[in-house]
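Structural description and commentary
This is what each chain is made of:
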Amino acid sequence: MKELLIVSLGSFFGGGMRYGVSKLIATHASLNFPLGTFTVNVLGCLLLGFLSGLNVGSGWLSPSAKLLLTTGFCGGFTTFSTFMNESASLAKGGDSLTTLLYVAGSLAVGFVAVVAGHLLAKSC
């Protein structure tokens, strides 16, 4: 039960942060590209990579804090379902190049961000 509450708390704040970041980006960027979702997913990958790269119990992060931040916060902050829905909408709109850039870019940059997070954690 304790773990469920920890994950739920992290998800609450992660989802709220996702909404805030997406809204902030939407008010400053008017593109035919889902930049808000792209941004939160890449930032989430970087953060998850960093947190996953830290050794639990090494003084940096307790198991409960890691659960709160990885499964909870990062899980609530990033959004695979919105990414897929936006990809489908772009494809339905006939913008093949933007769809390809969004899908391939999200996967490539997300992967690089996870690896960068791991490397950053190792340097701490």
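See the structure above.
Residues numbered from 1 in each chain as written. Predicted model: local features only at pLDDT ≥ 70, side-chain atom pairs only at ≥ 80, totals over all residues. Heavy atoms only, no water.

1. Looking at the overall build of the protein chain
Looking only at helices and strands, the protein chain has five helices and zero strands in total. Its helices and strands taken in sequence order, the protein chain reads α-α-α-α-α from the N to the C terminus. With respect to the three principal axes, the spread of C-alpha positions in the protein chain is 50 × 30 × 25 Å. Split into buried and exposed, the 124 residues of the protein chain put 33% on the buried side. In the protein chain, once contacts between residues fewer than 6 apart in sequence are set aside, the share between residues at least 24 apart is 71%. (Helix = DSSP H or I, 4+ residues; strand = E, 2+ residues; numbered from the N terminus. Buried < 20%, exposed > 50% of the residue type's maximum accessible area, 1.4 Å probe, protein only. Contact = heavy atoms within 4.5 Å.)

2. Topic: the environment of Cys 74
Inspection of the secondary structure puts Cys 74 in helix H3 (residues 63–77). Counting along the chain gives 65 residues from Cys 74 to Leu 9, while the straight-line C-alpha distance between them is 11 Å. Sequence-distant contacts of Cys 74, that is, excluding residues within four places in its chain, are made with Gly 44, Leu 47, Leu 48, Leu 51 and Leu 69.

3. Let's talk about H3
End to end, H3 covers 20 Å across 15 residues, agreeing with the expected 21 Å (1.5 Å per residue, within 8%). Residues Lys 66, Thr 70, Gly 72, Phe 73, Cys 74, Gly 76 and Phe 77 constitute the buried set of H3. (Expected span 1.5 Å × (residues − 1).)

4. Let's talk about the packing of helix H4 (residues 80–92) against helix H5 (residues 96–123)
The interhelical angle for the contact between H4 and H5, taken along N-to-C directions, is 160 degrees, at an axis separation of 8 Å. Overall, the two elements H4 and H5 adopt an arrangement that is roughly antiparallel. Classified by chirality, the crossing of H5 by H4 is left-handed. From H4, Phe 83, Glu 86, Ser 87, Leu 90 and Ala 91 reach across to H5, where they touch Thr 98, Thr 99, Tyr 102, Val 103 and Ser 106. Partitioned by chemical class, the residues of the contact of H4 with H5 number five nonpolar, four polar and one charged. (Axes fitted to C-alpha atoms, helices over the stretch in contact; angles between N-to-C directions. Parallel < 35°, antiparallel > 145°, perpendicular 65-115°, else oblique. Left-handed = near helix turned anticlockwise from the far one by under 90°. Nonpolar A, V, L, I, M, F, W, Y, C, P; charged D, E, K, R; others polar.)

5. Focus on the packing of aromatic side chains
In this description, an aromatic ring pair is defined by two values, namely the gap between the centres and the angle between the planes. Counted under the stated rule, the structure contains six aromatic pairs. Plain terms: the ring middles of Phe 33 and Phe 38 are 5.7 Å apart, the flat faces sit at 65 degrees to each other, and that makes the pair edge-to-face. In this structure Phe 33 comes out as partly exposed when scored by relative accessible area, which is 24%. (Phe/Tyr/Trp six-rings, centres within 6.5 Å; stacked < 30°, edge-to-face > 60°.)

Note that all results are geometric; they support no functional claim without further evidence.
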